[in-house]
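Examination of the molecular architecture
For reference, the chains in residue letters:
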Amino acid sequence: MKESSHNSFYITTPIYYVNAEPHIGHAYSTIVADVIARFYRLSGFETFFLTGTDEHGDKVVEAAESSGETVKAYVDRISKTFKDTWPGLDITNDYFVRTTDKSHQDTVREILSRVYAKGDIYFSEYEGKYCIGCERFYTDTELVDGNCPIHMSEPKLIREENYFFRMGKYQDWLIDYIDKHPDFIRPERYRNEVLAFLKEPLEDLCISRPKKRLSWGISLPFDDNYVTYVWFDALINYISAIGYPEGEQFKKFWPVAQHVIAKDILKPHGIYWPCMLKAAGIEPYQHLNVHGYWNVDAGKMSKSLGNIVRPLDLAKKYGLDAFRYFLLRDMVFGLDSDFSEESLVRRLNADLANDFGNLVSRSMTMAIKYFDGLMPAPAKLEEADISLKEAALKVIEDYKDMMEEFAFHKALIAVWGLIGRANKYIDSMKPWAMAKSDRQGLGAVLNNVAEIIRIVSVLLWPFMPQTSEKIQHQLGLGVVGLDLPLNSLKEWGKTEKVRPISKAPPLFPRVNPVRELKRAPLDTKHMKEQELRGSKRRDFHPDRVKLKKEEKVRDEPELISLEELERLDLRVGIIKEAEPIPGSEKLVKLTVDIGEERTIVAGLANHYQIDELKNKQVIVLTNLKPVKLMGVESRGMILATEDERGVYLLIPDKESKPGSKIR
Ligand code: MSP
């Protein structure tokens, strides 16, 4: 590990405003922090993971007023929805901070007193344009056509006397610090963005609000007529929660602090916060890790658009681990991403059910079938085995580097490279053929594959802890989760004689995209709103509706009549027998019961094991003209679908009688 001088690690999420309930954007930042916290724990680091809620400021007061509750009752209620959401996403935060906590308020006052005593806070009159949505003043150059660039609304002109923090004084220091610490703010695009802000003279920061305008906040220690500006208050949570200034945790964790935020709050974290720390005589944090935005329906998620995506709904519908995997695999950390349930389902079926799920199920099935569930001992490694092992060791090293850089999608691509490699290894070693002639060779192959599965289960634990532990149980390793740390992966051959290798239900049942995407709307409010507007889910934006119409004109498919469709005799079949066809790599000979027995030749040998095919329900086109393939007459065709990852059989959703007609 690069940061080996410390063996502790501290990670924070933004503390979320309590003016809205948790959505997929909050869930992403929090899951990212969870994945990285788990990764460092797995690497043997003492880790502290902090999240919480930001409960002061105009925005929160406005939301409380419109809910009809007292501000205190309102913030308690919404803060609790955040706190209660996280266990449902397997978030392992060590502490949940609230800015209304007394200890936090005391720390804010302590920092203010220090900075005031130093002469870095002064009193002055100010007139400025203030956006309530952003809780900040804007300069004219920052506005777009006179509007706030984020909320597109005109800021209020406010003239009042306030306290100011001499932020400008720290401008040169900050530029120099960022120059000397190139990965202080990462990825690089956000470092550049901060440096671009710093090209303009840095104005002092207004850090108070008169109580006559806003009374919900932390009183200034040196003037009781004012409360603290919400950002000066909120940022301090990162040190108040770990016992600044004297607490043991502060001493241990602050030197290794890393923040996770999205690009929307880059300026407060990349500029205000380091300057505040410097003024208070505290070392800067170690890294600011900035990610992009999840967009929905090609635009921003917002309550008024009714397109809020709720994380717990998705986790419930598709499984928590699939949801966590999707978020971390689909977004390139630092860039924006479009959220769609369709792509979640695609990844679930292709990466999880097909690649990963199949690897585990086919190898466990063989170990049970051929060795009665007792994993055979490792044998001397042959060339193909050595190359598999070396590939695995390389993936472990690459994975560590990528995780430290927050390049989660790359780490997952590397792990999937290994999964693909193991699947190919099985295909080329053909263990089912070895079963007849070479039991020792068969044992060695299964042992090697079990090693890969063990390694993959450890690498995936930060992302998919439940699945990973299920596999570790199945492998019968005796220990799971954190008891299988990353450094246990240095040794090859750990799965020798472990018992029992149990058969378990599929890790990721395939999802029927057509049915699931229609079923159970994720957000009933969203659907209602769309019904009102008379449009379907994906056609929310007028532009998109237009585009769809144009596309239709261009790609009008050739239409057939019902009579033509009825000429196809499609029926449910059950594969009774499957055998390889000598001399053919691709073809298998199947005996299929479609109410009567048929011989059908299918190109499935590279995609399914012979044993897996037996007893599978399939859909058969029964009235296809017979053809002879490799000397075998085939009477019918088994339906399958193909994408870049492979071929999958179409199967009835529920067990159906052989010969049932498809209509
Ligand atoms: N309270 C401040 C943060 C203070 S931190 C000292 C705040 N709160 S917030 O509720 O608005 O949360 C903003 C953060 O939520 C973003 O920085 C990001 O972490 C997460 N996200 C909210 N919407 C998001 C997306 N659509 N996409 C990705 N993450 C986003 O700002």
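See the structure above.
Residues numbered from 1 in each chain as written. Predicted model: local features only at pLDDT ≥ 70, side-chain atom pairs only at ≥ 80, totals over all residues. Heavy atoms only, no water.

Re the site of the ligand
The immediate surroundings of the ligand are formed by 23 residues, with Ile15, Ser29, Asp54, Asp264 and Trp294 found nearest. In this structure, Tyr17 approaches the ligand through a main-chain N or O atom, which is 3.0 Å from an oxygen atom. Here an oxygen atom of the ligand and a side-chain polar atom of Ser29 are 2.5 Å apart. For the ligand, the protein covers 94% of the area, taking 670 Å² as the surface of the free molecule. Those elements that place two or more of their residues in the shell around the ligand are strand S1 (8–17), helix H1 (24–42), helix H7 (230–234) and helix H8 (237–240). Residue classes in the shell around the ligand are distributed as 13 nonpolar, 8 polar and 2 charged. (Near = heavy atom within 4 Å. Polar contact = N/O pair within 3.5 Å; in protein donor to acceptor, adjacent residues only side chain to side chain. Areas by Shrake-Rupley, 256 points an atom, 1.4 Å probe, with all protein chains shown as cover. Helix = DSSP H or I, 4+ residues; strand = E, 2+ residues; numbered from the N terminus. Nonpolar A, V, L, I, M, F, W, Y, C, P; charged D, E, K, R; others polar.)

What to know about the pairing of strand S13 (residues 287–291)
Within S13, 5 of the 5 residues are buried, which leaves it mostly tucked inside the rest of the structure. Going residue by residue along S13, you find His287, Asn289 and His291 tucked away on one face and Leu288 and Val290 tucked away on the opposite face as well. Summarising the sheet, strand S7 (residues 185–186) and S13 pair through 2 bridges and their orientation is parallel. Counted as the bridge partner of Ile185 is Leu288 from S13. Sheet topology note: the strand S12 (residues 257–262)/S13 ladder contains 5 bridges and is parallel. Across the sheet, the residue bridging to Val260 is Asn289, located in S13. Read as a crossover between parallel neighbours, the route from S12 over helix H10 (residues 266–279) to S13 is right-handed. (Buried < 20%, exposed > 50% of the residue type's maximum accessible area, 1.4 Å probe, protein only. Pairing = 2+ DSSP bridges. Right-handed = clockwise from strand over helix to strand, strands pointing away.)

Side note on the side chain of Arg329
Within the secondary structure layout, Arg329 lies in helix H12 (residues 320–330). Buried charge without a partner: Arg329 forms no salt bridge, and the closest opposite charge is Asp351, 4.5 Å away. With sequence-adjacent residues up to four places away left out, Arg329 is seen in contact with Arg347, Asp351, His409, Leu412 and Ile413. (Lys, Arg positive; Asp, Glu negative; His and termini not counted. Salt bridge = Lys/Arg side-chain N within 4 Å of Asp/Glu carboxyl O. Contact = heavy atoms within 4.5 Å.)

Let's talk about the environment of Lys589
With respect to the secondary-structure elements, Lys589 resides in strand S17 (residues 588–593). C-alpha of Lys589 to C-alpha of Arg310: the two residues are 279 residues apart in sequence and 48 Å apart in space. Discounting residues that sit within four places of it in the chain, Lys589 has contacts with Glu577, Ala578, Glu579, Ile581, Thr599, Ile600 and Val632.

Digging into the nonpolar core
Residues Phe323, Leu328, Phe356, Phe408, Trp416 and Phe463 are the most contacted members of the largest nonpolar core, which totals 110 residues. No other element matches the 13 residues that helix H13 (residues 341–371) contributes to this core. Formed by 68 residues, the second largest nonpolar core is a distinct cluster that contains Phe184, Ile218, Ile236 and Phe253. (Core = buried A, V, L, I, M, F, W, Y, C linked by side-chain atoms within 4.5 Å.)

Some details on the pattern of salt bridges
For the coordinates displayed, the defined rule picks out 35 salt bridges. Close ionic contact of Asp224 with Lys211 constitutes a salt bridge, the shortest N to O distance being 3.3 Å. In this pair, Asp224 is assigned in strand S11 (residues 223–228) and Lys211 in the loop between strand S9 (208–210) and strand S10 (219–220), connecting sequence segments 13 residues apart. Judged by relative accessible area, Lys211 falls into the partly exposed class, the value being 25%. Residues Glu451 and Arg454 are paired through a salt bridge, measuring 2.7 Å at the closest nitrogen-oxygen approach.

With respect to the sheet that holds S9
On the basis of which strands lie adjacent, the open sheet formed by 3 strands has the order S9-S11-S10 and antiparallel pairing. Since the sheet does not close on itself, it has two edges, and those belong to S9 and S10, each with one partner. Across 2 bridges, S10 lies against S11 in antiparallel orientation. Bridge pairing links Ser219 to Val227 in S11.

Considering helix H2 (residues 58–67)
Every buried residue of H2 is accounted for by Asp58, Lys59, Val60, Val61, Ala63 and Ala64. Each element contacted by the buried residues of H2 is listed here: S1, strand S2 (46–54), helix H3 (71–88) and strand S4 (121–131). Trailing H2 by a residue or two, Gly68 shows a phi angle of about 80°, which is positive.

Some words on the packing of H12 against H13
One can describe the packing of H12 onto H13 by two numbers: an axis separation of 10 Å at closest approach and a directional angle of 100°. Classed by the angle they form, the pair H12 and H13 counts as roughly perpendicular. Mapping the contact onto sequence places Ala322, Phe323, Tyr325, Phe326, Arg329 and Asp330 in H12 and Ser343, Leu344, Arg347, Leu348, Asp351 and Leu352 in H13. (Axes fitted to C-alpha atoms, helices over the stretch in contact; angles between N-to-C directions. Parallel < 35°, antiparallel > 145°, perpendicular 65-115°, else oblique.)

Overview of the sheet that holds S12
Pairing in this open sheet of 6 strands is parallel, and the strands run S3-S2-S1-S12-S13-S7 from one edge to the other. Both outer strands of the open sheet, strand S3 (95–98) and S7, are each paired with one neighbouring strand and no more. As judged from the 3 bridges shared by S1 and S12, these two strands associate in the parallel manner. Looking at S12, one finds that Thr12 is bridged to His259. Packed onto the sheet, H3 meets S1, S2 and S3 and runs at close to 160° relative to S3.

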